[in-house]
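A look at the structure
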Amino acid sequence: AEVPPIGRRIRPEEVAALTSRVREATARSARREALSLALETARRRHAAARELPDADALVARLADAHRDARDRLLSAREQRADLLDRRLAEMAAELAGGLTDGAACQVCGSTDHPAPAEPARDAVTAADQEAAEARVAGLTEALDAAAASLRDAEHRRDTCRTAAEGRTPDEARTELDRLTLDLD
């Protein structure tokens, strides 16, 4: 039924036909809008499902890198502690190296130095200790950076997992194809 010209009286059957057409058009429009929204959601799910395996692999690699960085830092801390222990044990020899006849000892004040301690051949120096401190500081920064990278990758992976809503890439593709056909 066509829309009658303005001013002409509309018969009840024409009203019914027009009302039916409006309902059908409204239903088609609502269905198309719902399908469009579902299609957008399916596209996001599909993209997330495709990214998830790479995100999982990245988390695994970064977790290994974080573990390695932590192990290197722990080793460097142990080496630093060992150097400090050795340096303290050799401190008498280090102080004795600065003694001169007739000058007061920094420890006891005596001007007589009958048997000063001799340094070990592999004596730990202040420079050795400073180098160990610098290495620990650098490795601490590396561990912090590895931890931040791992957190970011875990966040990305978790975001993908949530957005994929449990779908595999194939399942998400099938859903996307079905909705695309329904919309056409």
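Our subject is the structure that appears above.
In short, a report on the structure.

Conventions and cut-offs
- Residues numbered from 1 in each chain as written.
- Predicted model: local features only at pLDDT ≥ 70, side-chain atom pairs only at ≥ 80, totals over all residues.
- Heavy atoms only, no water.
- Helix = DSSP H or I, 4+ residues; strand = E, 2+ residues; numbered from the N terminus.
- Rg over C-alpha atoms; globule rule 2.2 N^0.38 Å.
- Expected span 1.5 Å × (residues − 1).
- Bend = angle between axes of the 7 residues up to and from the residue.
- Salt bridge = Lys/Arg side-chain N within 4 Å of Asp/Glu carboxyl O.
- Buried < 20%, exposed > 50% of the residue type's maximum accessible area, 1.4 Å probe, protein only.
- Axes fitted to C-alpha atoms, helices over the stretch in contact; angles between N-to-C directions.
- Parallel < 35°, antiparallel > 145°, perpendicular 65-115°, else oblique.
- Left-handed = near helix turned anticlockwise from the far one by under 90°.
- Contact = heavy atoms within 4.5 Å.
- Nonpolar A, V, L, I, M, F, W, Y, C, P; charged D, E, K, R; others polar.
- Core = buried A, V, L, I, M, F, W, Y, C linked by side-chain atoms within 4.5 Å.

Some points on the overall build of the chain
- When its secondary structure is counted, the chain shows 4 helices and 0 strands.
- For the chain, the succession of helices and strands along the chain, N to C, is α-α-α-α.
- A compact globule built from 184 residues should have a C-alpha radius of gyration of about 16 Å, whereas the chain, at 39 Å, is more than 25% larger.
- Projected onto its principal axes, the C-alpha positions of the chain cover 130 × 40 × 15 Å.

Quick notes on helix α1 (residues 12–89)
- Helix length check: α1, at 78 residues, gives a terminal C-alpha distance of 110 Å against a target of 116 Å (1.5 Å per residue), a fit within 8%.
- The axis of α1 is deflected most strongly, by about 35 degrees, at L52, and proline P53 appears within four residues downstream.

Brief notes about the pattern of salt bridges
- Scanning the entire structure with this criterion turns up 15 salt bridges.
- With its nearest N and O atoms 3.2 Å apart, the salt bridge here joins R167 to E175.
- For R167, a relative accessible area of 27% translates into the label partly exposed.
- Given a relative accessible area of 12%, E175 falls into the buried group.

Examining the packing of α1 against helix α4 (residues 169–183)
- As a packed pair, α1 and α4 sit with axes 9 Å apart at the nearest point and diverge in direction by 160 degrees. On the basis of their axis angle, the class for α1 and α4 is roughly antiparallel. α1 and α4 meet at a crossing whose hand is left-handed. Residues R31, R32, L35, S36, A38, L39, A42, R43, R45, H46, A49 and R50 of α1 form the contact with α4, whose own contacting residues are P169, A172, R173, E175, L176, L179, T180, D182 and L183.
- Among the residues making up the contact of α1 with α4, the classes are represented as 10 nonpolar, 3 polar and 8 charged.

Points about helix α3 (residues 126–164)
- Between its terminal C-alpha atoms α3 stretches 57 Å, which fits the 57 Å expected from 39 residues at 1.5 Å a residue.
- Residues of α3 that are buried include every one of Q129, A132, V136, L139, L143, A146, A147, L150, A153, R157, C160 and A164, and no others.
- Close packing links the buried residues of α3 with α1.
- Just beyond α3, the residue with positive phi is E165, at close to 50 degrees.

Examining the nonpolar core
- A69, L73, A76, V136, L139, L143 and A146 form the largest nonpolar core, which has 7 residues in total.
- At the level of secondary structure, the elements contributing two or more residues to this core comprise α1 and α3.
- Sorting elements by how many residues they give to this core places α3 first, with 4 residues.
- With sequence-adjacent residues up to four places away left out, L143 is seen in contact with H66, A69, R70 and L73.

Re unusual backbone geometry
- For E165, which is not glycine, the phi torsion reads 50 degrees and is therefore positive.
- Within the element layout of this structure, E165 appears in the loop between α3 and α4.

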